[in-house]
Amino acid sequence: MKYPGFSRDIVSFGLVRHVEAHDGAASARLEITTADPQVPAILHDAVEQTLKEVPGIRSAKVEIAVTVPKQTPAAGAGGMTALPSQLKTVRYLVAVASGKGGVGKSTFAVNLAVAFDRLLNQKDHEHAVGLMDCDIYGPSTPLMLGVQTRPELVGNLLLPVENFGIRLMSMGLLIDDETPVAWRGPMIMKTIQQFATQVAWGPLEILVVDLPPGTGDAQLSLAQTIPLSGAVIVTTPQLAAVSVARRGAMLFEKVNVPLLGVAENMSFLENPDGTRQYLFGEGGGAQAAVALQTEFLGQVPLDPRVREGGDRGIPIVLSHPEAPAAKAFMGIGRRLLEKLATGGQTVSKS
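Source: prediction; values computed, not measured.

Undergrad: Explain the sheet that holds strand E3 (residues 59-67) to me, using residue names and the numbers behind them.
TA: The three strands lie next to each other as E1-E2-E3, forming an open sheet whose pairing is mixed. The open sheet has two edge strands with one neighbour each: strand E1 (16-22) and E3. Averaged over all adjacent pairs, the angle separating strand axes in this sheet is 10°, with direction ignored. In the sheet, E1 pairs with strand E2 (residues 25-33) via six bridges, with the strands oriented antiparallel. From the neighbouring strand, His-22 faces E2, where its bridge partner is Ala-25.

Here you go:
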C-alpha cells in the first residue's frame, strides 16, 4: 500500500512497526510523522481494508502513532515547515536531483556550487555557498572538492569542512573510505535531518543539496525537513535518462517544491574542428523541460577535464575556467541566481 501522494509503499518507508494475525483477526501498528491531519485517517482506512482482503481475515485493528513535526508550517517556498535553526542564516536552498544514477549529478552539483561562489564573490558575498551531500550511498563530493579532513564537533554541532570557499558536509567525511553504507530508509532520513539541524552552516547565500538518484526516502525526508527554494533536475540526452528524470521531477511537484529547471549533462563531444558528436543522443533535456513545463537551463558538453578535475579535487570551473564546460556551469549558475532573485520566475529579456 502506497503512502498518500507517493509511489513508495509504507513498508519501504519504514512506517509499519508491527503486524500480527491470529484466529481470523489481524492487527497492525504504524508510526508516522506528519502535520497533515488527513494522512492518518487515509492510512488507517487503507490498511484496514488491505488486511480485511487477506484470505481468512475476518476483522482488522489498526493503530497509528502520529508525531507532529516540531516546526509549525510557515509561509515560504512550497509551504514547507519552518527552517531548522541551523539553516535560518541560509538565504536559498537548492536541490540537485536526478531520476537515475550515472548522469553526473554530483559532478554537476560540485561545479554548480563553485560557479555560484565565483558569481557571488563578484558581488562581495563572503562565505556565500555551502554543499550538503545527501547522496548517502555514494558520497563523492569530498573527493571532487579535494577535502580529506574530518569535521570537528563543537558542542553538539558539526563544523562543515571548507575548501575553495565551499562549506561541505558529507557522509564521505564521517566514514572510512572502505566502509560501505548499508542502511535502511529510517537511518537515511535521520542522517539527512542531522545534516540540516546539527551542522553549523553559518551565514550562507545559497546551500546546494546533492540528492541521491531516484525518488525515495532521501527526497521525501528532505522535503519534510527543509523548505527548499527549488530543485534542478540533471539528465543526459538519451531517452532512458530523460524518462526517469521526468518521473523524479514529479516527486518535487507532489511536495510543492518549485522546479527551477532542467540541465543536460554530457550533451555532446566537440571536435577540434568545431563539429559535435552527440554520443548519448540529442535534445532529451529540452524535451524533458517542455514536458515538465519548466526552463531548459543549458547543456554541459563532454570534456575529459571535468573528470580529471573531479579526480584531482579541483573542479573544472576553477582549473579551466575558459573551457566550454566551465562556461556552461557558470551560465547555468548565473541563470539560477536570476531565477532565485525573482522567486523562481523567468526573468524577461529585453
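Additional details are given in the paragraphs that follow.
Undergrad: Any details on the packing of helix H2 (residues 105-121) against helix H10 (residues 324-341)? Residues and values, ideally.
TA: Running from amino to carboxyl end, H2 crosses H10 at an angle of 65°, the nearest separation of the two axes being 8 Å. Classified by the angle between their axes, H2 and H10 sit roughly perpendicular to one another. The two elements H2 and H10 cross, and the hand of that crossing is right-handed. Each of Phe-108, Asn-111, Leu-112, Ala-115, Phe-116, Arg-118, Leu-119 and Leu-120 in H2 lies in contact with H10, whose residues at this interface are Phe-329, Met-330, Ile-332, Gly-333, Arg-334, Leu-336 and Leu-337. In terms of residue class, the contact of H2 with H10 is made up of eleven nonpolar, two polar and two charged.

Undergrad: I'd like a rundown of the pairing of strand E12 (residues 259-270), residues and numbers included.
TA: Along E12, ten of the twelve residues are buried, which leaves the element largely enclosed by surrounding structure. Alignment of strand E11 (residues 230-235) against E12, held across five bridges, turns out to be parallel. Residue pairing across strands places Ile-233 opposite Val-262, the latter belonging to E12. With five bridges joining them, E12 and strand E14 (residues 296-302) adopt parallel strand pairing. If you follow Glu-264 over to E14, its bridge partner there is Gln-299. One ladder, built from two bridges, connects E12 with strand E13 (residues 276-277); its direction is antiparallel. In the strand pairing of E13, Leu-269 is matched with Gln-277. Between the antiparallel neighbours E12 and E13 lie five residues, among them Gly-274 with a positive phi of about 95°.

Undergrad: Explain H10 to me, using residue names and the numbers behind them.
TA: With 18 residues, H10 extends 26 Å from end C-alpha to end C-alpha; this agrees with the ideal 26 Å at 1.5 Å per step. Those residues of H10 lying buried are Ala-325, Ala-326, Ala-328, Phe-329, Met-330, Ile-332, Gly-333, Arg-335, Leu-336, Leu-337, Lys-339 and Leu-340.

Undergrad: Before we move on, can you summarise the pairing of strand E10 (residues 204-210) with the specific residues and values?
TA: Burial analysis of E10 places seven of its seven residues in the buried class, the great majority of the element. Alignment of strand E4 (residues 90-97) against E10, held across six bridges, turns out to be parallel. Following the sheet pairing, Val-94 is matched in E10 by Val-208.

Undergrad: Explain the environment of Gly-313 residue by residue, including any values.
TA: Here Gly-313 shows up in the loop between helix H8 (304-312) and helix H9 (316-319). Classification of Gly-313 by relative accessible area gives buried; the value is 2%. Considered as a pair, Gly-313 and Val-147 are 166 residues apart in the sequence and their alpha carbons are 7.5 Å apart.

Undergrad: Hey, could you go over the packing of helix H6 (residues 239-254) against helix H7 (residues 284-292) for me, with residue numbers and the actual values?
TA: It is the contact of H6 with H7, at a shortest axis distance of 10 Å, that shows an interaxial angle of 35°. Crossing of H6 over H7 shows right-handed handedness. Counting all contacts with H6, which are made through Val-242, Arg-246, Ala-249 and Glu-253, the residues of H7 involved are Gly-284, Gly-285, Ala-288, Ala-291 and Leu-292. Residue composition of the contact of H6 with H7, by class: five nonpolar, two polar and two charged.

Undergrad: Describe the confidence of the model for the protein, naming the residues involved and giving the relevant values.
TA: Per-residue confidence for the protein averages 83 on the pLDDT scale, and 82% of its residues sit at or above 70. Confidence drops under pLDDT 50 across residues 70-81; counting only partners more than four residues distant or on other chains, this segment forms 25 contacts. Taken as a whole, residues 345-350 scores under 50 in pLDDT and shows seven contacts with residues more than four places along the chain or in a different chain.

Reading guide: rules and limits
Residues numbered from 1 in each chain as written. Predicted model: local features only at pLDDT ≥ 70, side-chain atom pairs only at ≥ 80, totals over all residues. Heavy atoms only, no water. Pairing = 2+ DSSP bridges. Helix = DSSP H or I, 4+ residues; strand = E, 2+ residues; numbered from the N terminus. Axes fitted to C-alpha atoms, helices over the stretch in contact; angles between N-to-C directions. Parallel < 35°, antiparallel > 145°, perpendicular 65-115°, else oblique. Left-handed = near helix turned anticlockwise from the far one by under 90°. Contact = heavy atoms within 4.5 Å. Nonpolar A, V, L, I, M, F, W, Y, C, P; charged D, E, K, R; others polar. Buried < 20%, exposed > 50% of the residue type's maximum accessible area, 1.4 Å probe, protein only. Expected span 1.5 Å × (residues − 1). pLDDT = per-residue confidence, 0-100.

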